[in-house]
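# Residue-level structure breakdown
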Amino acid sequence: NAGVTQTPKFQVLKTGQSMTLQCAQDMNHEYMSWYRQDPGMGLRLIHYSVGAGITDQGEVPNGYNVSRSTTEDFPLRLLSAAPSQTSVYFCASSSTGTANYGYTFGSGTRLTVV
Amino acid sequence: GQNIDQPTEMTATEGAIVQINCTYQTSGFNGLFWYQQHAGEAPTFLSYNVLDGLEEKGRFSSFLSRSKGYSYLLLKELQMKDSASYLCAVRKGSTLGRLYFGRGTQLTVWP
């Protein structure tokens, strides 16, 4: 099993550009979420989903959109990139069968907005 | 946001024991997780507590007191490879509820 796959691993954007960070899992997990990690700030929840067709906001949702059309995929869209969105982004997934064993994280996307 | 506090940095020597504390204030508590994160890598699961008490897993143990809003991670027989950031995270709500993280404790193990 591949687990949680994130693409791309690195990306540089210009201010105002839009892009989509991809996240896919092959474990049939119901729950998926996006975090950003900044120095000294820890992991902060952006958006999450408890199943296909259901999404909700986390702590820092502004400037980001998500959708969950399938169980496997949970893309994160940056509508108009800003330097404040420079960060490392992690996607994570879990299910009721593994919820007590933590959340599985992807390897991350390092995004720089110039 | 959620109020989850842990020390920013700790140091210890190889072979020693270190305890990393985490305090939290949240409604709808449904479990506390500890993760390990090496520089440039994704967090990996270490332990989970939902009831009061101690959970032991090899060299790592985790303790929870729900009434005090307090947890600690105990690392024994420290090795150089244990140098990493240790993240305390609280699950809020249902079994598939949101996971909120503290800022992490950077542990450096010296020879």
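Residues numbered from 1 in each chain as written. Chains lettered and ligands numbered in written order. Predicted model: local features only at pLDDT ≥ 70, side-chain atom pairs only at ≥ 80, totals over all residues. Heavy atoms only, no water.

## With respect to the overall build of chain B
Within chain B, the secondary structure is distributed over zero helices and 11 strands. Written out in order from the N terminus, the α and β elements of chain B read β-β-β-β-β-β-β-β-β-β-β. Its C-alpha atoms give chain B a radius of gyration of 13 Å, within 12% of the compact-globule value 13 Å for 111 residues. Its C-alpha atoms give chain B principal-axis dimensions of about 40 × 30 × 20 Å. (Helix = DSSP H or I, 4+ residues; strand = E, 2+ residues; numbered from the N terminus. Rg over C-alpha atoms; globule rule 2.2 N^0.38 Å.)

## Here's the deal with the overall build of chain A
When you go through chain A residue by residue, the secondary structure sums to zero helices and 11 strands. What you see in chain A, going N to C, is helices and strands ordered as β-β-β-β-β-β-β-β-β-β-β. For chain A, with 114 residues in total, the buried portion stands at 47%. Within chain A, contacts between residues separated by at least 24 positions form 53% of all contacts whose residues are at least 6 apart in sequence. Here chain A displays about 5100 Å² of accessible surface, and carbon together with sulfur accounts for 51% of that area. In chain A, which carries 7 positive and 7 negative side-chain charges, the distance between the mean positions of the two groups comes to 13 Å. (Buried < 20%, exposed > 50% of the residue type's maximum accessible area, 1.4 Å probe, protein only. Contact = heavy atoms within 4.5 Å. Areas by Shrake-Rupley, 256 points an atom, 1.4 Å probe, with all protein chains shown as cover. Lys, Arg positive; Asp, Glu negative; His and termini not counted. Charge placed at Lys NZ, Arg CZ, Asp CG, Glu CD.)

## Considering the interface of chain B and chain A
When the parts of a complex come together, some accessible area is lost, and that lost area is often taken as the interface size. The partner chain A presents 25 residues to the 22 residues of chain B that form the contact. For the interface between chain B and chain A, the tally reads zero salt bridges. For the interface between chain B and chain A, the tally reads four residue pairs in polar contact (both at pLDDT 80 or more). Those elements that place two or more of their residues in the side of chain B that touches chain A are β4 (29–37), β5 (44–49), β9 (84–92) and β10 (98–101) of chain B. Looking at the side of chain B that touches chain A residue by residue, the classes come out as 11 nonpolar, seven polar and four charged. (Salt bridge = Lys/Arg side-chain N within 4 Å of Asp/Glu carboxyl O. Polar contact = N/O pair within 3.5 Å; in protein donor to acceptor, adjacent residues only side chain to side chain. Nonpolar A, V, L, I, M, F, W, Y, C, P; charged D, E, K, R; others polar.)

## Focus on the sheet that holds strand β7 (residues 64–66) of chain A
Pairing between the strands of a sheet comes from backbone hydrogen bonds, and it takes one of two forms, parallel or antiparallel. Residue and element names in this part refer to chain A. In spatial order, the strands read β1-β3-β8-β7; together these four strands make up an open sheet with antiparallel pairing. Both outer strands of the open sheet, β1 (4–7) and β7, are each paired with one neighbouring strand and no more. The mean angle between the axes of side-by-side strands here comes to 20 degrees, regardless of whether they run parallel or antiparallel. When β1 meets strand β3 (residues 19–25), the two strands line up antiparallel, connected through four bridges. Considered in β3, the bridge of Thr-7 is made with Gln-22. (Pairing = 2+ DSSP bridges. Axes fitted to C-alpha atoms, helices over the stretch in contact; angles between N-to-C directions.)

## Remarks on the packing of aromatic side chains
Summed over all chains, the structure comprises 18 aromatic pairs over all chains. With 5.7 Å between their ring centres and 50 degrees between their planes, B:Tyr35 and B:Phe101 make a pair best called tilted. Note that B:Tyr35 is positioned in strand β4 and B:Phe101 in strand β10, a separation of 66 residues in sequence. The pair formed by B:Tyr35 and B:Phe101 is uniform in burial state, with each residue classed as buried. Aromatic side chains B:Phe63 and B:Tyr72 sit 5.1 Å apart centroid to centroid with 20 degrees between the ring planes, which places their arrangement in the stacked category. Look at B:Phe63 and you get partly exposed, because its relative accessible area is 24%. On the basis of relative accessible area, B:Tyr72 is assigned to the buried category, the value being 16%. Put simply, the rings of A:Tyr31, A:Tyr35, A:Tyr48, A:Phe90, A:Tyr103, A:Phe105, B:Phe33, B:Tyr35, B:Phe45, B:Tyr48 and B:Phe101 pair up and form one aromatic cluster. (Phe/Tyr/Trp six-rings, centres within 6.5 Å; stacked < 30°, edge-to-face > 60°.)

## Points about the pairing of β9(B)
Residue and element names in this part refer to chain B. For β9, the buried fraction is high: nine of the nine residues fall into the buried class. Relative to β9, β4 runs antiparallel, the two being bridged by seven bridges. Within β9, the position partnered with Phe-29 by the bridge is Lys-92. Pairing between β9 and strand β11 (residues 105–110): three bridges, direction antiparallel.

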